[in-house]
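Here are the chains, one letter per residue:
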Amino acid sequence: MTDKSANKMWGGRFTSSPATIMEEINASVGFDKALAPYDIRASKAHAAMLGRQGIISKEDARKIATGLDRVMAEIEGGEFVFSRALEDVHMNVESRLKELIGEPAARLHTARSRNDQVATDFRLYVRHWIDGADETLAALQLALARKAEAHSGLIMPGFTHLQPAQPVTFGHHLMAYVEMLARDRGRLAGARERLNECPLGAAALAGTSFPIDRDTTAEALGFDRPCANSLDAVSDRDFVLETLATAAIAAMHLSRLADEIVLWMTPQFAFVRLSDKFTTGSSIMPQKRNPDAAELARAKVGRIAAAFQSLLMVMKGLPLAYAKDLQEDKEPTFDALASLSLAVAATTGMVDDLEPNAEPMRVAASSGFSTATDLADWLVRTLGLPFRESHHVTGRIVAAAEAQGVGLEGLPLEAMQRIEPRITKDVFSVLSVENSVKSRASYGGTAPQNVRKMAKAWIKRLEKQQRGG
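None of the values given here were measured: they were computed from a predicted structure.

Undergrad: In this structure, what is going on with the nonpolar core? I would like to understand it.
TA: Grouped burial of nonpolar side chains is what soluble globular proteins tend to show. Counting residues in each nonpolar core, the largest one holds 105 residues, and the members touching the most others are L144, F170 and L340. At 16 residues, helix α6 (residues 114–150) tops the list of elements feeding residues into this core. Discounting residues that sit within four places of it in the chain, F170 has contacts with K147, H151, L154, M156, W264, V272, L354, P356 and M361.

Undergrad: When you look at the side chain of T169 in this model, what are you seeing that I'm missing?
TA: When you line up the elements, T169 lands in strand β2 (residues 163–169). With relative accessibility at 0%, the residue T169 sits in the buried group.

Undergrad: Explain the packing of α6 against helix α7 (residues 170–195) here, please?
TA: The axes of two packed helices give the description: the angle between them and the distance between them. Between α6 and α7, the least distance of the axes is 9 Å, while the angle of their chain directions is 165°. Judged by the inter-axis angle, α6 sits roughly antiparallel to α7. The handedness of the crossing between α6 and α7 comes out as left-handed. Split into classes, the residues belonging to the contact of α6 with α7 amount to 20 nonpolar, two polar and nine charged.

Undergrad: Could you clarify how one ought to interpret the pairing of β2 in this entry?
TA: A regular strand places its side chains on the two faces of the sheet in alternate fashion. Pairing analysis gives six bridges linking strand β1 (residues 155–160) to β2, with the strands arranged antiparallel. Bridge pairing links T160 to Q163 in β2. In sequence, β1 turns back onto β2 through a hairpin of two residues, with H161 there showing a positive phi of about 60°.

Undergrad: When you look at the pattern of salt bridges in this model, what are you seeing that I'm missing?
TA: Between side chains of opposite charge, pairing is possible as soon as their charged atoms come close. Taken as a whole and assessed by the stated rule, the structure comprises 25 salt bridges. R237 is paired through a salt bridge with D329; the nearest N and O atoms lie 2.7 Å apart. A residue pair is termed long-range when its members are at least 10 positions apart, and R237 in the loop between α9 (230–235) and α10 (238–264) and D329 in the loop between α11 (292–315) and α12 (330–353) qualify at 92 residues. Here R440 ties to D377 by a salt bridge, and the two come within 3.5 Å at their closest N and O atoms. Within this pair, whereas R440 is found in the loop between α17 (433–439) and α18 (448–466), its partner D377 is found in helix α14 (residues 372–383), the two being separated by 63 residues in sequence. Taking relative accessible area as the criterion, D377 reaches 22% and is therefore assigned partly exposed. Linked by salt bridges that have partners in common, D60, E103 and R107 make up one network.

Undergrad: Would you explain the packing of aromatic side chains in this entry?
TA: Note on aromatic pairs: each is described by the distance of the centres and the angle between the planes. For the structure on display, the rule yields nine aromatic pairs. Centroid distance Y38 to Y125: 5.7 Å. Interplanar angle 80°. Geometry classified as edge-to-face. Linking Y38 in helix α3 (residues 36–52) with Y125 in helix α6, this pair joins segments that are 87 residues apart in sequence. Overall, Y38 belongs to the buried group, its relative accessible area being 15%. One aromatic cluster is present, built from ring pairs that chain together Y38, F122, Y125, F239 and F334. Against the face of F122 rests K330, its NZ or CZ located 5.5 Å from the ring centre. The ring of W458 has R461 sitting right over it, with the charged end atom 3.9 Å from the ring centre.

Undergrad: What is the right way to read the environment of L231 from this model?
TA: Considering the arrangement of structural elements, one finds L231 in helix α9. As for L231 and I56, which are separated by 175 residues in sequence, their C-alpha atoms are 26 Å apart. For L231, the contacting residues outside a window of four places in its chain are L205 and A321.

Undergrad: So what exactly am I meant to see when it comes to the packing of helix α4 (residues 58–76) against helix α5 (residues 89–101) here?
TA: Two numbers describe how α4 lies on α5: the axes approach to 9 Å, and their chain directions differ by 115°. In this structure, α4 crosses over α5, and the sense of that crossing is right-handed. Between α4 and α5, the residues in contact are K63, I64, G67, L68, R70, V71 and E74 and V93, R96, L97, L100 and I101, respectively. For the contact of α4 with α5, the residue count by class is seven nonpolar, one polar and four charged.

Reading the values: the criteria
- Residues numbered from 1 in each chain as written.
- Predicted model: local features only at pLDDT ≥ 70, side-chain atom pairs only at ≥ 80, totals over all residues.
- Heavy atoms only, no water.
- Core = buried A, V, L, I, M, F, W, Y, C linked by side-chain atoms within 4.5 Å.
- Buried < 20%, exposed > 50% of the residue type's maximum accessible area, 1.4 Å probe, protein only.
- Helix = DSSP H or I, 4+ residues; strand = E, 2+ residues; numbered from the N terminus.
- Contact = heavy atoms within 4.5 Å.
- Axes fitted to C-alpha atoms, helices over the stretch in contact; angles between N-to-C directions.
- Parallel < 35°, antiparallel > 145°, perpendicular 65-115°, else oblique.
- Left-handed = near helix turned anticlockwise from the far one by under 90°.
- Nonpolar A, V, L, I, M, F, W, Y, C, P; charged D, E, K, R; others polar.
- Pairing = 2+ DSSP bridges.
- Salt bridge = Lys/Arg side-chain N within 4 Å of Asp/Glu carboxyl O.
- Phe/Tyr/Trp six-rings, centres within 6.5 Å; stacked < 30°, edge-to-face > 60°.
- Lys NZ or Arg CZ within 6 Å of the ring centre and 35° of its normal.

Read these as layout, nothing more, since geometry by itself doesn't imply function.
In structure tokens form, the structure reads like this:
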């Protein structure tokens, strides 16, 4: 394919080439060439419909389809040369098609505009990404659930305000992220459902006078139905905004997990280990093992959330219908969605790779008087104290243990009885971290049997989804 020195696509309205700076700001082919496979697919569906409707001849429709297949083969083979002078992917494809098949190529653009063309291509692109993202998020869920099942009884501290609060299990902690990712997948499914309407045939903004069949093109492209309003069809970018918002929330969830991995790998925590596969060293400090994969996954949320905000600002002041401002929708979207895909893959690898350190976790779980709530609950159940009174009594017992430099389980019974005389030796049955987590058997609680049951259920569900069930 030969490059073009000037834009020849505009016809009689323009008699000279654009200024160099205009070409610089106007060209989008440097990034929207990513839409080429979707543009060709949509063009084939459009040409087939035009042929069936008798708007163009069936022979021209056949030649167009054959030519588009050749263009796609050139793109896939790395032979296609994209020209900035032709502005965008759509005009590059059409120009090359004309070189290959001649005059029939000029009939392809009948009853459509670049406005409905790009809206269709972009929906196809985002929909394809959502389908792939759902699979990768499910794979991350499965990795988490399997790790949770393997460590359903491993005790660690649960935190509030990053202070030891109550003992939980490592498996329970990991299963929290399985639930977060389930919501992310649900939001993506909802976004996909709402985007799955076809803009093709809306033309520039008002529809077309040609007797097109929008239902058949929508069906051919896997859409549920055509967009119902031509103005909305070409100007809507809600489907991108919704996908980016969902991607930002998912990236935030990954960032939270990544941040915990970074903390857990510090010598002060020493809760987990990552192998050389997901860590790096220092150029000057030979002892270092840096959790760079986690840190980079944590950082991705910034650029993904920024892409959402960027498009929101582009869209907020646009009157109907199409404006060239919408060219700014693709580059940040492509970057954000690719960034999330990379972060999900890296996080899945880290989850598979990381191994917990049981002893530091258990020691930390026992610190900070983490079974104080168990003591308060025991006072309510056994002595019949109102909870607010038991809370006050427990606080005094914690203060006494702190003064003696011991944990609650190390405080002598006599010291407790000086605060509440009715306390018996049975109280010690609830003061160990093991008994604490076992007692949390309410639905959604941290009891190991709960965690195993929930992890197994998720594993079964996710493996079935992987098999296509």
